[in-house]
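The chain contents come next:
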Amino acid sequence: MRLGNQRFIFDGGTGLRVLGLDLLKQMPVEASVFFSHTHWDHIQGFPFFVPAFIPINRFHIYGAIAPDGSTIKERLSDQMVHPNFPVPMHVMQSDLKFYDLIPGDVITLSDGIKIETAPLNHPNMAVGYRVTWEGRTAVYCSDTEHFLDRFDNNVLHLARDADLLIYDATYTNEEYHDHKCPKIGWGHSTWQVGGRNC
Ligand SMILES: [Zn+2]
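Note that the structure is a prediction, hence the values are computed from the model and not measured.

Comments concerning the overall build of the chain
Here is step 1 of the chain: Helices and strands together make up the secondary structure of the chain, namely 5 helices and 10 strands.
Here is step 2 of the chain: Rg of the C-alpha trace for the chain: 17 Å, near the compact-globule value of 16 Å for 198 residues, within the 12% margin.
Here is step 3 of the chain: Seen along its three principal axes, the alpha-carbon backbone of the chain occupies a region of about 50 × 45 × 30 Å.
Here is step 4 of the chain: Across the 198 residues in the chain, those meeting the buried criterion constitute 44%.
Here is step 5 of the chain: Taken as a whole, the chain presents about 10,500 Å² of accessible surface, with 54% of it coming from carbon and sulfur.

Set out below in C-alpha cells:
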C-alpha cells in the first residue's frame, strides 16, 4: 500500500520474497510492515526478504504481543534459528525497528496517517488494521472467523464506512458448513459473510 511517500506492507508470507526482489530496484527502501499474526503462512517470506539484509534500508515492523507474551521480534527471529534456518535475524543489516502492539491501539504516523487496530477471532489471535489517510479508509482484516449468531463488533469497528475492506474469504458457505468436515472454529470466514449487510 502506498500513501504519499510511505509504503506499507501487510504480512510476510511467500509474496514478501517476490516483493523484496522488486524493491531492490528502488533502494534505499523504507517501509512499515504490519503483521496480523505469526502463523507460518504469514511470516515464511520474511527470512527471504532480501532488502532487509541491505544496510541502507529501514523497516518499521509492527505486531501484537502474543497470548504467550512473546514479541513480534522474538517470533520472527525464532523461525530463523538453527536448525530451522541457516541465517539468523541479526545477519539482516538493514535498520529494523520493532513495535509491540496491543490490539485496540491506534497508531498515528506522519502525513496524517491513522491506523486503528482490533483483535480478530482466530486461533491464538490475529490483528486487523484500518488505515485512514486524506479522508479514505482501507481495512486489512484477514484471518478472522465470523460468529454464527451475531456480527463481530471488532470487525464492524474496523469496517465502518471503509472504502475498501479486505476480508477473510477462505471458504464458501458450503465448505464452512460441510457435513463431513465443518470448518467451524478453524478461524476463517466466508465471502458470503464478508458481503453481508448489518
Ligand atoms: Zn492464522
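Some words on the coordination of the zinc ion
Here is step 1 of the chain: His37 (NE2), His39 (ND1) and His122 (NE2) make up the full set of protein donors to the zinc ion, lying at 2.1 Å.
Here is step 2 of the chain: Exposure remark for His37: the relative accessible area of 4% places this residue in the buried category.

Remarks on the sheet that holds strand E2 (residues 6-10)
Here is step 1 of the chain: Across the sheet, which stays open at both edges, the 5 strands sit in the order E1-E2-E3-E4-E5 with mixed pairing between neighbours. On the outer flanks of this sheet lie strand E1 (2-3) and strand E5 (95-101), each paired with one strand and no other.
Here is step 2 of the chain: The pairing of strand E4 (residues 58-64) with E5 spans 7 bridges and is parallel. Across the sheet, Arg58 pairs through a bridge with Asp95, a residue of E5.

Brief notes about the pattern of salt bridges
Once their charged atoms are close, side chains differing in charge can pair, the charge on each being opposite to the other.
Here is step 1 of the chain: With the rule as written, the count across this model stands at 7 salt bridges.
Here is step 2 of the chain: Its salt-bridge partner being Glu116, residue Arg130 comes within 3.2 Å of it at the nearest N-O pair. Placement of the pair is Arg130 in strand E8 (residues 126-133) and Glu116 in strand E7 (residues 113-120), with a sequence separation of 14 residues.
Here is step 3 of the chain: Put simply, Asp149 and Arg150 hold a salt bridge, and the shortest N to O gap is 3.1 Å.
Here is step 4 of the chain: One continuous salt-bridge network, built from bridges that share partners, spans Arg58, Asp95 and Lys97.

Regarding the pairing of E2
Here is step 1 of the chain: In terms of burial, E2 is a largely internal element, 5 of the 5 residues being buried.
Here is step 2 of the chain: Alternating residues of E2 divide into Gln6, Phe8 and Phe10 and Arg7 and Ile9, and every residue in both groups is buried.
Here is step 3 of the chain: Where E1 meets E2, 2 bridges bridge the pair, whose relative direction is antiparallel. Bridging across to E2, Arg2 finds its partner in Arg7.
Here is step 4 of the chain: Relative to strand E3 (residues 30-34), E2 runs parallel, the two being bridged by 3 bridges. Paired with Phe8 across the two strands is Ser32, which belongs to E3.
Here is step 5 of the chain: Between the parallel pair E2 and E3, the chain is carried across by helix H1 (residues 15-23), and the sense of this crossover is right-handed.

Concerning the environment of Pro55
Here is step 1 of the chain: Within the secondary structure, Pro55 sits in the loop between E3 and E4.
Here is step 2 of the chain: Each C-alpha atom of the pair Pro55 and Met92 lies 8.0 Å from the other, and the pair is 37 residues apart in sequence.
Here is step 3 of the chain: Each residue touching Pro55, except ones within four places of it in the same chain, is listed here: Gln93, Ser94 and Asp95.

Some points on the packing of aromatic side chains
Here is step 1 of the chain: Considering all chains together, one arrives at 11 aromatic pairs under this definition.
Here is step 2 of the chain: Note on Tyr62 and Tyr99: the rings are 4.5 Å apart at their centroids and 15° apart in plane angle, and the pair reads as stacked. Separated by 37 residues along the polypeptide, Tyr62 in strand E4 and Tyr99 in strand E5 bring together distant segments of the chain.
Here is step 3 of the chain: A relative accessible area of 6% places Tyr62 in the buried class.
Here is step 4 of the chain: Clustering of aromatic rings is evident, with ring pairs tying together Phe8, Phe10, Phe34, Tyr62, Tyr99, Tyr129 and Tyr140.
Here is step 5 of the chain: Between Lys183 and the ring centre of Trp186, over which it is positioned, the NZ or CZ distance is 5.7 Å.

Criteria and thresholds
Residues numbered from 1 in each chain as written. Predicted model: local features only at pLDDT ≥ 70, side-chain atom pairs only at ≥ 80, totals over all residues. Heavy atoms only, no water. Helix = DSSP H or I, 4+ residues; strand = E, 2+ residues; numbered from the N terminus. Rg over C-alpha atoms; globule rule 2.2 N^0.38 Å. Buried < 20%, exposed > 50% of the residue type's maximum accessible area, 1.4 Å probe, protein only. Areas by Shrake-Rupley, 256 points an atom, 1.4 Å probe, with all protein chains shown as cover. Donors = N, O, S within 2.8 Å, 3.2 Å for Na, K, Ca; no water. Pairing = 2+ DSSP bridges. Salt bridge = Lys/Arg side-chain N within 4 Å of Asp/Glu carboxyl O. Right-handed = clockwise from strand over helix to strand, strands pointing away. Contact = heavy atoms within 4.5 Å. Phe/Tyr/Trp six-rings, centres within 6.5 Å; stacked < 30°, edge-to-face > 60°. Lys NZ or Arg CZ within 6 Å of the ring centre and 35° of its normal.

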